[in-house]
Amino acid sequence: MLKKILLVVAAALVAFVGFVFTRPDTYEVSRSALVAAPAEVAYAQVADFHHWKAWSPWEKLDPAMKTTHSGTPGAVGSSYAWTGNKDVGSGKMTLLEARPGERVRIQLEFIEPFAAVSDTTFRFQPEGAGTRVQWSMVGQSGFVTKAMGVFMNMDAMIGKDFEKGLAQLDAASRAEAARLATAPKP
């Protein structure tokens, strides 16, 4: 009887591993929202990592999070690193591409709770009186990520954070646009 149970468990494990190997090698999460501010204003909130504190959905998860910035703000090569609690882990973002008012591309490196590298892109497209902002993340799915994906949907998990972040980006961009509109002209 014990042999039969072990054979069934072994067969189920082999079937599960086989199924995991059939899962896609990459994942993509993407959301967009209309931001009620000019593209240049929304772009500046994303390209300069110093502004992320105002809108990033992860910043408020650990008020004691330690952050460091390096490089010229908003310039290719600038980076932002963080170390925090279990909710935010640790990692680093590096600006790979910066096309003012159009596109920002970032290499996102997670160190904890698990190592992973993703390519993150923000696109800015004028729409009406505002800007359509699309936030996308693409990454490789190793065996562990594929196995987790059987039980957890990456799009559903991260997509909610993107939606929250885009709503907060809208608020931060509107506030900045209002500040710029009332600032004294040189």
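Now for a description of the structure that goes with this document. (Residues numbered from 1 in each chain as written. Predicted model: local features only at pLDDT ≥ 70, side-chain atom pairs only at ≥ 80, totals over all residues. Heavy atoms only, no water.)

Description of the overall build of the chain
Across its full length, the chain carries 5 helices and 7 strands. Buried positions account for 35% of the 186 residues belonging to the chain. Contacts in the chain between residues at least 24 apart in sequence constitute 52% of all its contacts with a sequence separation of at least 6. A total accessible area of about 10,800 Å² is found for the chain, and carbon and sulfur atoms account for 63% of it. (Helix = DSSP H or I, 4+ residues; strand = E, 2+ residues; numbered from the N terminus. Buried < 20%, exposed > 50% of the residue type's maximum accessible area, 1.4 Å probe, protein only. Contact = heavy atoms within 4.5 Å. Areas by Shrake-Rupley, 256 points an atom, 1.4 Å probe, with all protein chains shown as cover.)

Some words on the environment of Lys92
Relative to the helices and strands, Lys92 is located in strand 4 (residues 90-99). Note: C-alpha distance between Lys92 and Leu108 (16 residues apart in sequence) is 6.1 Å. Filtering out sequence-adjacent residues up to four positions away, Lys92 remains in contact with Ser79, Tyr80, Ala81, Trp82, Gln107, Leu108 and Glu109.

Quick word on helix 5 (residues 154-182)
Because each turn of an α-helix spans 3.6 residues, side chains separated by three or four positions in sequence point in the same direction. Here helix 5 spans 42 Å end to end across 29 residues, near enough to the 42 Å set by a 1.5 Å rise per residue. Three or more residues of helix 5 are buried, namely Ile158, Gly159, Phe162, Gly165, Leu166, Gln168, Leu169, Asp170, Ala172, Ser173 and Ala177. (Expected span 1.5 Å × (residues − 1).)

A few points about the environment of Ala54
As for its placement among the helices and strands, Ala54 is situated in helix 3 (residues 52-55). When its relative accessible area of 47% is taken as the criterion, Ala54 is described as partly exposed. In the structure, Ala54 is positioned 118 residues away from Ala172 in sequence and 6.4 Å away in space, judged by C-alpha atoms.

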